[in-house]
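What the coordinates show
The primary structure of each chain is shown beneath.
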Number of protein chains: 2
Amino acid sequence: MSNSSKPAPGTADQMIEAGWYTELSPMWPGQGLTLKIKDILHRAKSDFQDVCVFESESMGTVLLLDGVIQCTDKDEFSYQEMIAHVPMCSLERPAKKVLVVGGGDGGVLRELARYPHVEEIHMAEIDKMVPEVSKRFFPEMAVGFSDPRVTLHICDGIKYVEDSPADSYDLIVVDSSDPVGPAEVLFEKPFFEALHRAVRPGGIVCTQAESLWLHLDIIKALATMCKEVFRGGSVSYATTTIPTYPSGQIGMLVCAKAHAGEREGEDGKAEGAAPLDPRTPRQPEPGPLPALGVGELKYYSHEVHSAAFVLPLFAKRALADCLTFQ
Amino acid sequence: MSNSSKPAPGTADQMIEAGWYTELSPMWPGQGLTLKIKDILHRAKSDFQDVCVFESESMGTVLLLDGVIQCTDKDEFSYQEMIAHVPMCSLERPAKKVLVVGGGDGGVLRELARYPHVEEIHMAEIDKMVPEVSKRFFPEMAVGFSDPRVTLHICDGIKYVEDSPADSYDLIVVDSSDPVGPAEVLFEKPFFEALHRAVRPGGIVCTQAESLWLHLDIIKALATMCKEVFRGGSVSYATTTIPTYPSGQIGMLVCAKAHAGEREGEDGKAEGAAPLDPRTPRQPEPGPLPALGVGELKYYSHEVHSAAFVLPLFAKRALADCLTFQ
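Residues numbered from 1 in each chain as written. Chains lettered and ligands numbered in written order. Predicted model: local features only at pLDDT ≥ 70, side-chain atom pairs only at ≥ 80, totals over all residues. Heavy atoms only, no water.

1. Quick notes on the overall build of chain A
Convention followed: Numbering of helices and strands runs from the N terminus; a helix is a DSSP stretch of H or I covering at least four residues, while a strand is a stretch of E covering at least two. Buried residues are those whose accessible area, probed at 1.4 Å on protein chains only, stays under 20% of the maximum for their type, while exposed residues exceed 50% and partly exposed ones sit between those limits. Residues are treated as being in contact if the distance between any of their heavy atoms lies within 4.5 Å. Per-residue and other accessible areas follow the Shrake-Rupley method at a 1.4 Å probe size, with only the shown protein chains counted as cover for residues.
Along the backbone of chain A there are 10 helices and 15 strands. Each of the three principal axes of chain A carries a C-alpha extent, and together these read 65 × 50 × 35 Å. Each of the 326 residues in chain A was classed as buried or not, and the buried ones make up 63%. In chain A, the proportion of contacts linking residues at least 24 apart, taken out of those at least 6 apart, comes to 67%. When the accessible surface of chain A is split by element, carbon and sulfur atoms take 52% of a total near 11,700 Å².

2. Re the interface of chain A and chain B
A common measure of how large an interface is: the accessible area buried when the components associate. Defined as follows: Values labelled buried area give the accessible surface lost by two parts on being combined, using a 1.4 Å probe and summing over both. Salt bridge, as used here: a side-chain nitrogen of Lys or Arg that lies within 4 Å of a carboxyl oxygen of Asp or Glu. Nitrogen and oxygen atoms within 3.5 Å of one another constitute a polar contact, given that in protein one can donate a hydrogen and the other can accept it, and given that sequence-neighbouring residues count only through two side-chain atoms. Gly is placed with the polar residues, together with every amino acid not listed as nonpolar (Ala, Val, Leu, Ile, Met, Phe, Trp, Tyr, Cys and Pro) or charged (Asp, Glu, Lys and Arg).
Every contact between the two is made by 54 residues of chain A and, on the other side, 53 residues of chain B. Surface buried jointly by chain A and chain B totals about 4,200 Å² across both partners, of which 61% is contributed by carbon and sulfur atoms. Here chain A and chain B share two salt bridges between them. Linking A:Lys316 and B:Glu303 is a salt bridge whose minimum nitrogen-to-oxygen distance equals 3.2 Å. Between the two partners, chain A and chain B, sit 17 residue pairs in polar contact (both at pLDDT 80 or more). At the level of elements, strand S2 (20-22), strand S3 (31-45), helix H2 (76-90), helix H9 (302-308) and helix H10 (313-318) of chain A are the ones that each hand at least two residues to the side of chain A that touches chain B. Among the elements that make up the side of chain A that touches chain B, the one with the highest residue count is S3(A) (nine residues). In terms of residue class, the side of chain A that touches chain B is built from 25 nonpolar, 18 polar and 11 charged.

3. Re the sheet that holds strand S11 (residues 199-208) of chain B
As a general point, the strands of a sheet are linked pairwise by backbone hydrogen bonds and lie either parallel or antiparallel. All names here are of chain B. Rules: Whether two strands pair depends on DSSP finding at least two bridges between them. To define axes, lines are fitted to C-alpha atoms, for helices over the stretch in contact only, and angles between the resulting N-to-C directions are given on a 0 to 180 degree scale.
Taken together, seven strands build an open sheet; the order of strands is S9-S8-S7-S10-S11-S13-S12 and the sheet is mixed. Strands at the two margins of the open sheet, each flanked by one partner only, are strand S9 (150-154) and strand S12 (234-241). Between one strand axis and the next, the sheet turns through 15° on average, direction left out of account. Across the sheet, helix H7 (residues 189-198) touches strand S7 (97-102), strand S10 (169-175) and S11, and the angle it forms with S11 is around 140°.

4. Considerations on the domain arrangement of chain A
Residue and element names in this part refer to chain A. For clarity, the cut-off: Domain delimitation in this document rests on an assignment produced automatically or drawn from a domain database.
What the domain assignment lists for chain A is domain 1 (12-72) and domain 2 (76-318). Domain 1 and domain 2 are separated by 25 Å when their C-alpha centres are compared. With 25 residues of domain 1 at the contact, the number on the domain 2 side is 24 residues. Both faces combined, the contact of domain 1 with domain 2 buries some 2,200 Å², and carbon together with sulfur accounts for 70% of it. Counting every contact that joins domain 1 to domain 2 gives zero salt bridges. Mapped by element, the contributors of at least two residues to the side of domain 1 that touches domain 2 are S3, strand S4 (50-56), strand S5 (61-65) and strand S6 (68-72).

5. Considerations on the relation of the copies chain A and chain B
To be explicit about the condition: To line up the copies, we fit them by least squares on C-alpha atoms, keeping just the residues with pLDDT of at least 70 in both.
Note on the identical chains: chain A maps onto chain B by a rotation of 180° and an axial translation of 0.0 Å, with an RMSD of 0.0 Å. Classification of the inter-copy transformation places it as that of a two-fold axis.

6. Comments concerning empty space enclosed by the protein
Where we set the bar: For cavity detection a 1 Å grid was placed over the protein atoms alone, and a set of points counts as a cavity when a 1.4 Å probe fits there but cannot get out; an open set counts as a pocket when protein lies on both sides within 12 Å along at least five of seven lines, with lining residues being those that have an atom within 4 Å of a point. Grid points are joined across faces, edges and corners, and a volume is the space filled by probe spheres set on the points.
Scanning the entire structure with this criterion turns up two cavities of 30 Å³ or more. Of the voids in this model, the largest cavity is the one considered here, and its volume is about 360 Å³. Roughly 250 Å³ of volume is contained in the second largest cavity. In this structure, the second largest cavity is lined by 23 residues; those nearest its centre are A:Leu33, A:Pro243, B:Leu33, B:Pro243 and B:Ser247. At the level of elements, S3 of chain A together with strand S3 (31-45) of chain B are the ones that each hand at least two residues to the lining of the second largest cavity. Split by residue class, the lining of the second largest cavity holds 12 nonpolar, nine polar and two charged.

7. Some thoughts on the UniProt feature "active site" (unreviewed entry) in chain A
Residues and elements named next belong to chain A. Defined as follows: UniProt positions are given in the numbering used here, feature names are shortened, and annotations may be inferred rather than shown by experiment.
The feature "active site" (unreviewed entry), as given by UniProt, occupies Asp175 in the numbering adopted here. With respect to the helices and strands, Asp175 occurs in strand S10 (residues 169-175). Residue Asp175 is classed as buried on the basis of its relative accessible area, which comes to 9%.

8. A short note on the pairing of strand S7 (residues 97-102) of chain A
Residues and elements named next belong to chain A. With five of six residues buried, S7 lies mostly within the body of the structure. As paired elements, S7 and strand S8 (residues 120-125) share five bridges and run parallel to each other. Paired with Val100 across the bridge in S8 is Met123. Here five bridges tie S7 to S10, and the two strands are oriented parallel to one another. In the sheet register, Val101 faces S10, and the bridge partner there is Val174.

9. What to know about the sheet that holds S8(A)
Residues and elements named next belong to chain A. One open sheet accounts for seven strands, arranged S9-S8-S7-S10-S11-S13-S12; its pairing is mixed. Across the chains shown, the open sheet's two edge strands, defined by having one partner strand only, are strand S9 (150-154) and strand S12 (234-241). Put simply, the sheet's adjacent strands are angled 15° from each other on average, direction ignored. For S12 and strand S13 (residues 249-256), the ladder comprises eight bridges, and the chain directions are antiparallel. Counted as the bridge partner of Tyr237 is Leu253 from S13. Contacts from helix H7 (residues 189-198) reach S7, S10 and strand S11 (199-208), with the element oriented near 140° to S11.

10. Looking at the pattern of salt bridges
Inspection of every chain in the model, using the stated rule, returns 26 salt bridges over all chains. Put simply, B:Arg93 and B:Asp170 hold a salt bridge, and the shortest N to O gap is 4.0 Å. Within this pair, whereas B:Arg93 is found in the loop between helix H2 (76-90) and S7, its partner B:Asp170 is found in strand S10, the two being separated by 77 residues in sequence. Taking the relative accessible area as the measure of exposure, B:Arg93 reaches 46% and is therefore partly exposed. Looking at B:Asp170, the relative accessible area reads 7%, which means it is buried. Shared partners join several salt bridges into a network, and the residues in it are A:Glu76, A:Arg110, A:Glu111 and A:Arg114.

11. Overview of H7(B)
It helps to recall that an α-helix has 3.6 residues per turn; residues three or four apart then point in one direction. Considered for burial, the residues of H7(B) that qualify are B:Phe191, B:Phe192, B:Ala194, B:Leu195, B:His196 and B:Ala198. Buried residues along H7(B) sit against S7, helix H6 (157-163), S10, S11 and helix H8 (216-229) of chain B.

12. Some remarks on unusual backbone geometry
In the Ramachandran plot, A:Asp167 falls in the positive-phi region, its phi being about 55° despite a non-glycine side chain. Structurally, the position occupied by A:Asp167 is in the loop between helix H6 (157-163) and S10.

13. A word on the environment of B:Leu212
Counting through the fold element by element, B:Leu212 comes out in the loop between S11 and H8. Measuring from C-alpha to C-alpha, the distance between B:Leu212 and B:Ala315 comes to 6.6 Å, with 103 residues separating the pair along the chain.

14. Considerations on the packing of H7(B) against H8(B)
Residue and element names in this part refer to chain B. Selection rule: Note on angle classes: values under 35 degrees are labelled roughly parallel, values over 145 roughly antiparallel, values of 65 to 115 roughly perpendicular, and the remainder oblique. In this scheme, a crossing is called left-handed if the near helix is turned counterclockwise away from the far one by less than a right angle; it is called right-handed if the turn is clockwise.
The geometry of H7 relative to H8 is characterised by a closest axis approach of 10 Å and an angle of 40° between their N-to-C directions. In terms of orientation, H7 and H8 fall into the oblique class. The interaxial crossing formed by H7 with H8 has right-handed handedness. For the pair formed by H7 and H8, the contact residues are Lys189, Phe192, Glu193 and His196 on the first element and Leu222, Met225, Cys226, Glu228 and Val229 on the second. Grouping the constituent residues of the contact of H7 with H8 by class yields five nonpolar, one polar and three charged.

Listed below in structure tokens is the structure:
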């Protein structure tokens, strides 16, 4: 039984058989979610990746990039709310200027737009086909692009961050796909050094950071690197449940830049203001945004925020040395 | 594309194709986890169900009952630890006598055996093939059967509970499969009335209670019924993450029986001692059990316990009227 006729992972083409789609990837070998297809709505090759949209029987409309699920109508709110509101509500003062790297579906923009105190929301997305497809097939996510505070930059996110003035953002959200293909560089040290430079002291960089159940080694390496880059600040990890991501869970690494007065003492310990502890929310839960037709939150609350940082023992032990707060 | 050649759900036979197994069920239509098979180790029809064990490429050995995943080597500890330790650590006084209904794989027994203060552990399992298969293929779970305090009763769990003396258990864990097939009756009111009678005042009944993402209606109906049966006590809901269960999450309903002095006042409200709030652990985290070769906990901690009761907003709103504490 070990020789399989199942198609190898790759483009969506290879993963759609007889009316069912199976999400296979070298990132989670030997397993995958299977969804029944009602209708394939869009198939195209962009300059960067394979883009596919289909209507599923159980999860509404589904977006695949290089054959991997990015979001579905039914559960996207969990990821989008958590990766936006966990860092936004952790900040010591309300964010005014925020940047999203990737996230071309617009869902994180929609969540950031809930905060009246935000003045500028920038998005650096490399692939112009993603916002186009989202506007056409995912109007509830793409609504984020309609907020007047949003500017979409179609460009290389790394270069955009490198070219940003130092200390210029209260928050940067890195809403990337997995570290294979175009997003691979978004998990490497030069990019995190650029992020650290671009965010203000006391500000936060929050990045998509895979699943504790599948990728503990990747998370450990990423957190170890971030702890070095955000020296004097803090690195923490939060999770959310989401049925259509591999293992049903995804996490985010929350990296806070040291406060301005902070520096490393002779004993290697930070001196000055204590680093930001993101486990306690400080800003109010955001409300609906009637101007864009955005309703109440569906996943995030302050209670959910704090609980999201509580890790199961196997993960807590594995990450003990590389997280500041857990 | 909407006419599918995928086999209909049913036995494991129908779900194993070309070296891959896909978990399809009317309980989660249009979706399912797919696992690559290395080797099929066991296939049989018991008196009650289709029993299959296979070696998977990514999750170790897998047990299927009627084609549905019951446990895998890689993630069983999450479910077994949480359904045992959340109620055990919630109790106001250490449990001495506990009952498991179902749970024939032995994993919950292994977890209950960690507590030195437990004197008797009874299991009522309807299908003798499940413990047999577990002893043969899942030695790390079946180790629970070796504890001298354990008595295995191969019988109808409902009848066993009905025949138990009133107020006789500190805790009853209902470790059932889904409410289709042999376990259907384990989700119905007569069974919960029998459970309520058999557990002592202030004791807990903790039952497997599906996924918030897939079965909010089932959970709502179950919790509403339990709130009626456990009048004067409390009904709460906790979750755990587990990649090989549908949606990657499963929950448990934690029902505490009213304390002895408690009764319903004229206004319909309970009088006497406040009902047990299971969100706060009261008993120490259990340690390893060297006599059986059982190591440290891998998932459960007191922190994880309290966080498990924090529900995402969509679920909190849906269950607001039928849970006592959330």
